[in-house]
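Each chain is listed here by its residues.
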Amino acid sequence: MERLPRRLRTLLLSLRDLLLSAGPLAVLGVGLVVLAFQWLKPTPPHQVTLATGPAQSAYEAFGKRYQEALAANGIEVRLLPSDGSSANLQLLRSGQADLAFVQGGTGELRPGDGDELVSLGSLFVEPVWLFYRGDAARRAHGTARLDGLHQLRGMRVNVGSPGSGVPTLMERLLAANHVPPADLALTQLEQTPATVEFLAGRLDALVFASAPESLMVQMLLQTPGVQLMGFAQNEAYGRRFPFLTPVTLPRGVVDLAANVPPRDVRLVASTTSLLAREGTHPALLQLFAQAAQTIHGGAGWFNRAREFPSTRHAELPIAKEGERAINEPTPLLQRYLPFWIANLVERMWLVLGILIAVMLPLSRVVPPLYQFRVRSRVFRWYGHLREIEDDMEAGRAAPEELRQRLARLEAQVEKVSVPLSYADELYALRNHIQLVQRRVPGA
């Protein structure tokens with residue numbers, strides 16, 4: 001240190017004093033921030049599991065779109081295939097999935113689900129698609145057109161796998177039409193094998209409850225010899241079953257040039273929501289809710305633009321992240337900052353505000369403490385000077401010894417470095433040493 005230039009030595013000493021003065025306060029502040037970070041856990045996990053549905057279903061297609069949307073923010077969405085809505089509910093309850101698509105009216109919600117699950121809003125409608133073979137209808141009723149569930153008597157009908165929730169829904173609809181299950185040859189195959197059997201003529205009809213984005217639905221709508229049964233009483237179904245909504249498939253909406261379908265088709269539809277476990281990280285819920293605005297906010301076969309996502313038709317409490325994304329614009333910070341920074345500030349701002357309010361009064365101690373440390377480098381030598389002066393006045397030391405002690409003191413003081421703002425005190429000490437030197441007898 002002594003070999004360094006005086007100016008550099010002074011700067012280093014000043015920095016050391018500043019660090020020693022403000023260091024404890026800085027360590028305290030950092031420690032409190034770390035504790036708050038551990039307590040609040042503002043950073044979401046980098047992986048989340050979304051239960052979707054069968055292969056080639058609309059749920060699977062939407063799951064891939066969510067996967068792409070969240071990947072932009074560094075979140076890996078693991079898609080978990082399932083049999084459908086009912087299976088998704090079980091995956092949520094067991095903790096195997098963090099989020100899932102669940103269809104209204106087919107999931108058999110339990111009373112306790114309201115405490116364990118939350119909704120991010122309803123996303124889209126899923127009509128009940130009842131496809132039948134025209135030749136089978138003609139053999140059974142002499143006409144290739146069916147318009148009621150009672151006409152399914154005696155036909156081979158696939159109502160979907162148990163995990164899809166469609167068998168439960170169809171059971172309720174058939175009961176409302178006074179059609180006992182024994183009057184039909186019912187099967188519960190999954191979508192793909194059921195479609196293969198249907199196209200091969202080994203099934204007369206099959207039922208889906210799916211969004212129109214389903215590849216299977218779009219293929220069957222354009223397959224020759226396959227008819228879509230309309231629900232002529234769809235308004236009555238909507239009044240009898242609160243979870244069903246009457247909708248209309250407009251003429252030509254599938255293919256305008258080919259005029260598919262050739263007429264308006266009345267259908268009934270349930271509303272599908274995105275459900276999440278109560279303990280899912282809020283930042284993940286926010287990301288999913290915001291992605292839903294882009295994925296489901298456009299116009300579709302059964303809705304106009306911006307009708308979905310919606311808080312209507314909710315069977316479970318809406319998470320505040322869902323309400324915020326649906327009813328409020330994108331948060332200001334997220335418009336200009338990466339999501340992880342905006343999320344960190346948003347979830348830590350209250351703690352940071354409290355921390356600043358606590359640290360500001362404590363920070364007032366730093367300037368006096370710094371001043372004390374710098375001035376102590378000068379004032380501690382006054383003790384030695386006073387001791388020499390007392391020995392001189394009491395005659396306890398010879399003049400030569402006093403001069404030697406003062407010379408050593410002066411040499412040591414010359415090595416003292418202080419900031420320029422405190423140089424006057426250093427020069428005052430040197431003047432006082434010289435003053436005592438002039439008072440030594442024989443000087």
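Nothing here was measured: the structure is a model prediction, and the numbers come from that model.

Caption draft 1: Spatial organisation of the packing of helix H10 (residues 282-296) against helix H11 (residues 320-327). Where H10 meets H11, the closest approach of the two axes is 8 Å, and the angle between their N-to-C directions is 30°. Overall, the two elements H10 and H11 adopt an arrangement that is roughly parallel. In this structure, H10 meets H11 at a crossing whose hand is right-handed. Judged by residue contacts, Pro282, Leu285, Gln286, Ala289, Gln290 and Gln293 of H10 engage Glu321, Gly322, Arg324, Ala325 and Ile326 from H11. Along the lines of polarity and charge, the residues of the contact of H10 with H11 split into 5 nonpolar, 4 polar and 2 charged.

Caption draft 2: The arrangement of empty space enclosed by the protein in detail. What the rule picks out here adds up to 3 cavities of 30 Å³ or more. The computed volume of the largest cavity comes to approximately 200 Å³. Looking at the largest cavity, it is lined by 21 residues, and the ones nearest its centre are Asp83, Ser164, Val166, Gln191 and Ala209. Among the elements of the structure, helix H2 (58-71) and strand S7 (205-209) are those that each provide at least two residues to the lining of the largest cavity. For the lining of the largest cavity, a count of residues per class yields 8 nonpolar, 10 polar and 3 charged. Along the walls of the second largest cavity sit Val102, Gln103, Gly104, Leu109, Ser119, Thr271, Ser273, Leu275, His313, Glu315 and Leu316, which together make up its complete lining. Among the elements of the structure, strand S3 (99-103) and strand S10 (265-277) are those that each provide at least two residues to the lining of the second largest cavity.

Caption draft 3: Inspection of the layout of surface pockets at higher detail. Volume-wise, the largest pocket comes out at about 420 Å³. Taken together, 25 residues form the lining of the largest pocket, with Gln227, Leu228, Pro262, Arg263 and Val265 sitting closest to its centre. If you list the elements that add at least two residues to the lining of the largest pocket, you get strand S4 (117-133), helix H8 (215-221), strand S8 (226-228) and S10. Considering every element that reaches the lining of the largest pocket, the biggest residue donor is S8, with 3 residues. Its residues assigned to classes, the lining of the largest pocket comprises 15 nonpolar, 5 polar and 5 charged.

Caption draft 4: A look at helix H5 (residues 134-141). Those residues of H5 lying buried are Gly134, Ala136 and Ala137. One side of H5 holds all its buried residues, which, seen down the axis, span an arc of 160°. Among the structural elements, S4 and S8 are those in contact with the buried residues of H5. Gly142 lies just past H5 and shows a positive phi near 75°.

Caption draft 5: Spotlight on the packing of aromatic side chains. Taken as a whole and assessed by the stated rule, the structure comprises 9 aromatic pairs. Here a set of aromatic residues connected by ring pairs shows up, and it is made of Tyr59, Phe62, Tyr66, Phe101, Phe124 and Phe288.

Caption draft 6: Highlighting the nonpolar core. Within the largest apolar cluster, 51 residues are counted, with the highest numbers of intra-cluster contacts made by Trp129, Phe131, Leu149 and Leu267. Looking at which element gives the most residues to this core, the answer is S4, with 6 residues. Excluding residues that lie within four positions of it along the chain, Leu149 makes contacts with Leu130, Met170, Leu173, Leu174, Asn177, Val179, Met229, Phe231 and Tyr237.

Caption draft 7: Looking closely at unusual backbone geometry. Of note, the amide linkage connecting Val260 to Pro261 takes the cis form, showing an omega dihedral of -5°. Relative to the elements of secondary structure, Pro261 occurs in the loop between strand S9 (244-249) and S10. Of note, the amide linkage connecting Phe308 to Pro309 takes the cis form, showing an omega dihedral of -5°. With respect to the helices and strands, the residue Pro309 is situated in the loop between H10 and H11. A positive phi angle, near 65°, is found at Gln56, a position not held by glycine. Along the chain, the position of Gln56 falls in the loop between strand S1 (47-51) and H2. Although it is not a glycine, His178 sits at a positive phi angle of roughly 60°. Its location among the elements puts His178 in the loop between helix H6 (166-176) and strand S6 (185-187).

Caption draft 8: Fine view of a nonpolar patch on the surface. Taken together, the side chains of Leu332, Leu333, Tyr336, Leu337 and Val345 define a hydrophobic patch exposed on the protein surface, amounting to about 480 Å² of accessible area. Relative to the assigned elements, Leu332 resides in helix H12 (residues 332-336). On the basis of relative accessibility, which here comes to 54%, the residue Leu332 falls in the exposed class.

Caption draft 9: Quick look at the environment of Val217. Tracing the sequence through the fold places Val217 in helix H8. Here the alpha-carbon distance between Val217 and Ser57, two residues 160 residues apart in the chain, equals 8.7 Å. Setting aside residues no more than four positions away along its own chain, Val217 makes contact with Trp129, Phe131, Phe208, Ser210 and Ala211.

Caption draft 10: Main features of helix H15 (residues 399-414). Compared with the 22 Å implied by 1.5 Å per residue over 16 residues, the 22 Å span of H15 between its first and last C-alpha is a close match. When H15 is considered as a whole, its buried residues turn out to be Leu402, Arg405, Leu406, Leu409, Glu410 and Val413. All buried residues of H15 project into a common sector of 140° when viewed along the axis, lining one side.

Caption draft 11: Structural detail: the environment of Gly298. Residue position: Gly298 is located in the loop between H10 and H11. For the pair Gly298 and Pro309, spaced 11 residues apart in sequence, the C-alpha separation works out to 9.8 Å. Among residues more than four places away in sequence, those in contact with Gly298 are Asn303, Arg304 and Ala305.

Caption draft 12: Summary view of the pattern of salt bridges. If you walk through the whole model with that rule in mind, you get 11 salt bridges. The residue Asp135 makes a salt bridge to Arg133 at a minimum N-O spacing of 3.3 Å. Residue Arg403 is joined to Glu400 by a salt bridge in which the shortest nitrogen-to-oxygen separation is 3.2 Å. A residue pair is termed a helical-turn pair when its members lie 3 or 4 positions apart in one helix, as Arg403 and Glu400 do in helix H15 at 3 residues.

Here is what the cut-offs are and how they apply
- Residues numbered from 1 in each chain as written.
- Predicted model: local features only at pLDDT ≥ 70, side-chain atom pairs only at ≥ 80, totals over all residues.
- Heavy atoms only, no water.
- Axes fitted to C-alpha atoms, helices over the stretch in contact; angles between N-to-C directions.
- Helix = DSSP H or I, 4+ residues; strand = E, 2+ residues; numbered from the N terminus.
- Parallel < 35°, antiparallel > 145°, perpendicular 65-115°, else oblique.
- Left-handed = near helix turned anticlockwise from the far one by under 90°.
- Contact = heavy atoms within 4.5 Å.
- Nonpolar A, V, L, I, M, F, W, Y, C, P; charged D, E, K, R; others polar.
- 1 Å grid on protein atoms, 1.4 Å probe; cavity = no way out; pocket = protein on both sides within 12 Å on 5 of 7 lines; lining within 4 Å.
- Points joined across faces, edges and corners; volume = space filled by probe spheres on them.
- Buried < 20%, exposed > 50% of the residue type's maximum accessible area, 1.4 Å probe, protein only.
- Arc of directions from axis to C-beta.
- Phe/Tyr/Trp six-rings, centres within 6.5 Å; stacked < 30°, edge-to-face > 60°.
- Core = buried A, V, L, I, M, F, W, Y, C linked by side-chain atoms within 4.5 Å.
- Patch = residues over 30% accessible without salt bridge, like charges linked within 9 Å, V, L, I, M, F, W, Y side chains within 5 Å.
- Areas by Shrake-Rupley, 256 points an atom, 1.4 Å probe, with all protein chains shown as cover.
- Salt bridge = Lys/Arg side-chain N within 4 Å of Asp/Glu carboxyl O.
- Expected span 1.5 Å × (residues − 1).

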